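# Breakdown of the fold
Next come the chains, spelled out residue by residue.
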Amino acid sequence: MRAEDLHLRLGRSEVLRGASLALRRGEVMALIGPNGAGKSTLLACLSGALSPDRGRVRIDGQAPAALGPAGLARRRAVLEQSPASAAPFRLAELVALAIPPEIPPAEAGALTARALAAVGLGAFAGRRIDRLSGGERHRGHMARALAQHLAGRALGAGGWLLLDEPTASLDLRHQAAVLQAARAAAAEGAGVLAVLHDLSLAAAMADRLALMAEGRILAEGPPAAVLTPERLAAVYGLPVAVAEGPGGHPAITPIYRASQGDSTCSSP
Amino acid sequence: MARAGDRGGGAGGLTLALDGTPRRGRWPLPGRHGAVAALALAALGLALAALALGPVAIPPAGVLEALAGGADPLQEAIVRGIRLPRLLLGLAVGTALALAGGALQGMLRNPLADPALVGVSAGASVGAVAVIVLGGTLAAGLPAALRPYLLPAAAFLGAGAVIGALFALARRAGETSVATLILGGVAINAIAAALIGVLVFVSDDEQLRELTFWTMGSLASGTWPLVLVTLVLAALTVPVFLGAARGLDLMQLGERAAFHAGLDVERLKRRLALATAVGVGAATAAAGPIGFVGLVAPHLARLTVGPAHRAMLPVTALYGMVLVLAADLAVRLAVPPAELPIGLATSLIGGPFFLWLLLRRGRR
């Protein structure tokens, strides 16, 4: 799956200015960068939901428009940035929604159970999603994306997972659980692209990082090569310390400075 | 002690408010099946009552004889000539309005959408009234076989125009807010009322009579040609609506997520817009504007079988039939031999229901 020199203008702002990215099968790539860098827009172009003004996207060598919605859905599954359902489905219903009707019901049930187990929600299948906590619901939507991915594989296509902030609103344990599920999919041959904001988490869980700012990919490669203090300070506008973390991965600590007014209380 | 009482009352109120929503979702499956079976039985019972009851009461055996032919000629004339077309019209109108309401609610991700509230019925009314007032010359030029289609066709065009405007509004806003939708409906209903007012102004005495009766809404105008046209058009929309079940489920996740899961969103919208315009147009042309069926039926269906459209849509159609048949029976039996407009009965049920929905949403 690749994006080549994408340019896209949304309203007045030029969101993508020559973004290029190549995602390989079997790897987890984290897309990092400050808010407004164009990460979600790049993901939407890769998923076929948006078409760029200039540049091209290829999924298994084909243009998204040529694949059509159903063909795309077999090849790539997407977790949206703020997934929500207007209807109070049961969790298993929600997850099964993403499985195309070509899959027979028994197999669809098995895929649903597998996807729910992968995010640790196996015991919640019959629960109504409006009765779940925010984090449980978010993992439920992650299970929906996984189920679609598994169904795509069962139909002989599958292979790409696009996750927009899959760890948002999750506690530490479940952040790890969701990304481990993504890693497991990659181990079975999927190419996973995940937008992440926690740089240390990204460094620990991803094979490669792509750092995005102002509509372009600034750096791409193994975590240690991408995450340099100078680069991060320039991109995020905040001094950053990079140390070696427990697993040998870079651990990122921003250096916060309290503003002068906070420290002392002086009266004129 | 007073404080303890206050606390208790407060906690009780809270529990009630919280409990109101979940209880229905927990209905075990046999209960659901039982409810659906009871509903089907109610529809059947109402259909029989629609044939048996009226100014001349005919016992059930007489109804069956009249249907089979070879009964008392008077009874046969009443059942076959008056009550059977009226019953079939009721079934068609109930199904079409209820399914259109269910589909609109699903498409717009908005449980307050109803063909009448958001102005689709008003658009159909403008088309129908235009034909009643201005269509005389047009109809004279048409072959007799096509004349029954003129009214539904005009209503279809009016309904289609409004749905087009609504979907454009929905697309612009992404997720259409309740306020946008209801205010849009207010505006569309006002425009339609103004257009109808102009048409009333230019109509002659006979046309005025005809359109006044039509505006009040009734299944009584059911002559066989009109009933057959309505029945065929309503039947055509049913597979389109039922076939959209998965798409409507996916639409609950938002348009982007529905596309991600493989749904051709634009195609679904076009098909449902067409089916809604045909269904509401046909129902409105034949029976006048009937409000709230499209609002109440899908809600009752969700309370009975949950939100998944595969089960919810057929149950919605059943509720639509039951509501329209019950309303028709009520207006027929209220002050015999006179008949109240059927819209009175549906609004008496639907108005308070709508207020209750608004209040419940406001509490959340």
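Conventions adopted
- Residues numbered from 1 in each chain as written.
- Chains lettered and ligands numbered in written order.
- Predicted model: local features only at pLDDT ≥ 70, side-chain atom pairs only at ≥ 80, totals over all residues.
- Heavy atoms only, no water.
- Helix = DSSP H or I, 4+ residues; strand = E, 2+ residues; numbered from the N terminus.
- Rg over C-alpha atoms; globule rule 2.2 N^0.38 Å.
- Buried < 20%, exposed > 50% of the residue type's maximum accessible area, 1.4 Å probe, protein only.
- Contact = heavy atoms within 4.5 Å.
- Areas by Shrake-Rupley, 256 points an atom, 1.4 Å probe, with all protein chains shown as cover.
- Lys, Arg positive; Asp, Glu negative; His and termini not counted.
- Charge placed at Lys NZ, Arg CZ, Asp CG, Glu CD.
- Axes fitted to C-alpha atoms, helices over the stretch in contact; angles between N-to-C directions.
- Parallel < 35°, antiparallel > 145°, perpendicular 65-115°, else oblique.
- Left-handed = near helix turned anticlockwise from the far one by under 90°.
- Nonpolar A, V, L, I, M, F, W, Y, C, P; charged D, E, K, R; others polar.
- Buried area = accessible area lost by both parts, 1.4 Å probe.
- Salt bridge = Lys/Arg side-chain N within 4 Å of Asp/Glu carboxyl O.
- Polar contact = N/O pair within 3.5 Å; in protein donor to acceptor, adjacent residues only side chain to side chain.
- 1 Å grid on protein atoms, 1.4 Å probe; cavity = no way out; pocket = protein on both sides within 12 Å on 5 of 7 lines; lining within 4 Å.
- Points joined across faces, edges and corners; volume = space filled by probe spheres on them.
- Expected span 1.5 Å × (residues − 1).
- Arc of directions from axis to C-beta.
- pLDDT = per-residue confidence, 0-100.

### A few points about the overall build of chain A
- Along its length, chain A carries 10 helices and 11 strands.
- Here the C-alpha atoms of chain A give a radius of gyration of 20 Å, agreeing with the 18 Å that 2.2 N^0.38 yields for 268 residues.
- With the principal axes as the frame, chain A shows a C-alpha extent of 75 × 45 × 40 Å.
- Within the span of chain A, comprising 268 residues, buried residues form 50% of the whole.
- Put simply, of all contacts in chain A between residues at least 6 apart along the chain, 66% involve residues at least 24 apart.
- Split by element, the accessible area of chain A, about 11800 Å² in all, is 52% carbon and sulfur.
- Averaging the coordinates of the 28 positive side-chain charges in chain A and doing the same for the 23 negative ones gives two points 4 Å apart.

### Comments concerning the packing of helix H5 (residues 73–107) of chain B against helix H15 (residues 309–334) of chain B
All names here are of chain B.
- Running from amino to carboxyl end, H5 crosses H15 at an angle of 135°, the nearest separation of the two axes being 7 Å. It follows from the interaxial angle that H5 and H15 lie oblique. Judged by the sense of rotation from one axis to the other, the crossing of H5 with H15 is right-handed. Within the contact between the two elements, H5 uses Arg-83, Arg-86, Leu-87, Gly-90, Leu-91, Gly-94, Thr-95, Ala-98, Leu-99, Gly-102 and Gly-106 and H15 uses His-309, Met-312, Leu-313, Thr-316, Ala-317, Gly-320, Met-321, Val-324, Leu-325, Asp-328 and Arg-332.
- Looking at the contact of H5 with H15 residue by residue, the class counts come to 10 nonpolar, 8 polar and 4 charged.

### Things to note about the interface of chain B and chain A
- Counting residues at the interface gives 21 residues for chain B and 31 residues for chain A.
- Of the roughly 1900 Å² buried where chain B meets chain A, counting both sides, 60% is carbon and sulfur surface.
- Looking only at chain B, the three residues that lose the most surface to chain A are Leu-253, Phe-259 and His-260 of chain B, adding up to 31% of its buried area.
- For the pair chain B and chain A, the number of links is 0 salt bridges.
- One can count 7 residue pairs in polar contact (both at pLDDT 80 or more) joining chain B with chain A.
- Those elements that provide at least two residues to the side of chain B that touches chain A are helix H2 (22–25), helix H11 (245–251) and helix H12 (255–260) of chain B.
- Residue contributions to the side of chain B that touches chain A peak at 4 residues, all from H12 of chain B.

### Description of empty space enclosed by the protein
Residue and element names in this part refer to chain B.
- Enumeration according to the criterion identifies 2 cavities of 30 Å³ or more in this entry.
- Broken down by secondary-structure element, the contributors of at least two residues to the lining of the second largest cavity are helix H14 (293–305) and helix H16 (342–363).
- A breakdown of the residues in the lining of the second largest cavity according to their chemical character gives 5 nonpolar, 1 polar and no charged.

### Some points on helix H10 (residues 224–243) of chain B
All names here are of chain B.
- In this model, H10 (20 residues) spans 29 Å end to end at C-alpha, consistent with the 28 Å of a helix rising 1.5 Å per residue.
- All of the buried residues along H10 are Leu-226, Val-227, Val-229, Thr-230, Ala-234, Thr-237 and Phe-241. Taken down its axis, H10 places every buried residue within 160° of arc, on the same side. Pointing more than 90 degrees away from the buried face of H10 are the exposed residues Leu-236, Pro-239 and Gly-243.

### Regarding the pattern of salt bridges
- Counted under the stated rule, the structure contains 16 salt bridges over all chains.
- Each member of the salt-bridge network shares a partner with another, and the members are Arg-86, Asp-328, Arg-332 and Glu-339 of chain B.

### Some points on unusual backbone geometry
- With a phi close to 50°, Asp-60 of chain A is a non-glycine residue in the positive phi region.
- Within the element layout of this structure, Asp-60 of chain A appears in the loop between strand S4 (54–58) and helix H2 (64–75).
- Exposure remark for Asp-60 of chain A: the relative accessible area of 34% places this residue in the partly exposed category.
- Look at Arg-109 of chain B: it is not a glycine, yet its phi comes out positive at around 50°.
- Looking at the secondary structure, you find Arg-109 of chain B in the loop between H5 and helix H6 (120–141).
- Among the residues examined, Arg-109 of chain B registers a relative accessible area of 12% and is labelled buried.

### Observations concerning the environment of Arg-137 of chain A
Residues and elements named next belong to chain A.
- Looking at the element boundaries, Arg-137 is found in helix H5 (residues 134–154).
- On the basis of relative accessibility, which here comes to 32%, the residue Arg-137 falls in the partly exposed class.
- C-alpha of Arg-137 to C-alpha of Leu-211: the two residues are 74 residues apart in sequence and 29 Å apart in space.
- Those residues in contact with Arg-137 that lie beyond four places of it in its chain are Ile-129, Asp-130 and Leu-132.

### Describing the side chain of Arg-139 of chain A
All names here are of chain A.
- Looking at the element boundaries, Arg-139 is found in helix H5.
- Although buried, Arg-139 forms no salt bridge, and the nearest oppositely charged side chain, Glu-136, lies 4.7 Å from it.
- A polar atom in the side chain of Arg-139 sits 3.4 Å from the side chain of His-174.
- Contacts of Arg-139, omitting those with residues within four sequence positions, involve Val-119, Gly-120, Leu-121, Leu-170, His-174 and Val-178.

### Side note on the environment of Gly-248 of chain A
- Note that Gly-248 of chain A resides in the loop between strand S10 (240–244) and strand S11 (250–254).
- Sequence spacing of Gly-248 of chain A and Ala-203 of chain A is 45 residues, and the spatial spacing of their C-alpha atoms is 9.8 Å.

### Describing the confidence of the model for chain B
Residue and element names in this part refer to chain B.
- Residues with a pLDDT of 70 or more make up 88% of chain B, whose mean pLDDT is 83.
- Per-element confidence in chain B is highest for H11, whose mean pLDDT is 96, and lowest for helix H1 (residues 2–20), whose mean pLDDT is 34.
- Low pLDDT (under 50) marks residues 1–29, which in the prediction has 15 contacts with non-local residues, meaning those over four places away or in another chain.
- Both confidence scores are given for the complex: pTM 0.87, ipTM 0.92.

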